[in-house]
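Single-letter residue listing:
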Amino acid sequence: MGEKVYKTMKSVGASNIVMGILLIIAGTAAGVVLIAKGAKLLHDKSDLTF
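Residues numbered from 1 in each chain as written. Predicted model: local features only at pLDDT ≥ 70, side-chain atom pairs only at ≥ 80, totals over all residues. Heavy atoms only, no water.

Asks: Describe the pattern of salt bridges, and please don't skip the residues or the numbers.
Replies: The tally for this structure, following the rule as stated, stands at two salt bridges. Across the pair E3 and K7 runs a salt bridge, and its minimum N-O distance is 3.7 Å. With E3 and K7 both in helix α1 (residues 2–43), this residue pair falls four residues apart, about one helical turn. Each member of the pair, E3 together with K7, is exposed. As a salt-bridge pair, D44 and K40 come within 3.0 Å of each other at their nearest N and O atoms. Taking the relative accessible area as the measure of exposure, D44 reaches 22% and is therefore partly exposed. (Salt bridge = Lys/Arg side-chain N within 4 Å of Asp/Glu carboxyl O. Helix = DSSP H or I, 4+ residues; strand = E, 2+ residues; numbered from the N terminus. Buried < 20%, exposed > 50% of the residue type's maximum accessible area, 1.4 Å probe, protein only.)

Right, here's the structure in full:
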C-alpha cells in the first residue's frame, strides 16, 4: 500500500514541476510582449491624438 502512495506522490510532484516551468515561461513571454508594446507606445507618443 505504501508503494502506491509514493508512486502517486512522485507523479504529482513531477506534474507540479512541469506546470511551474510552463508558468515561468508563459509569464516571461507575457512580460516581454508587454514591455515591447509599451516601448512602441512611448516611441509613437507624438503621433497619438485624442
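Read on for the rest.
Asks: Lay out the environment of S11 in plain terms, naming residues and giving numbers.
Replies: Here S11 lies in helix α1. Linking S11 and A39, residues 28 residues apart in sequence, is a C-alpha distance of 42 Å.

In short, geometric facts, not functional conclusions.
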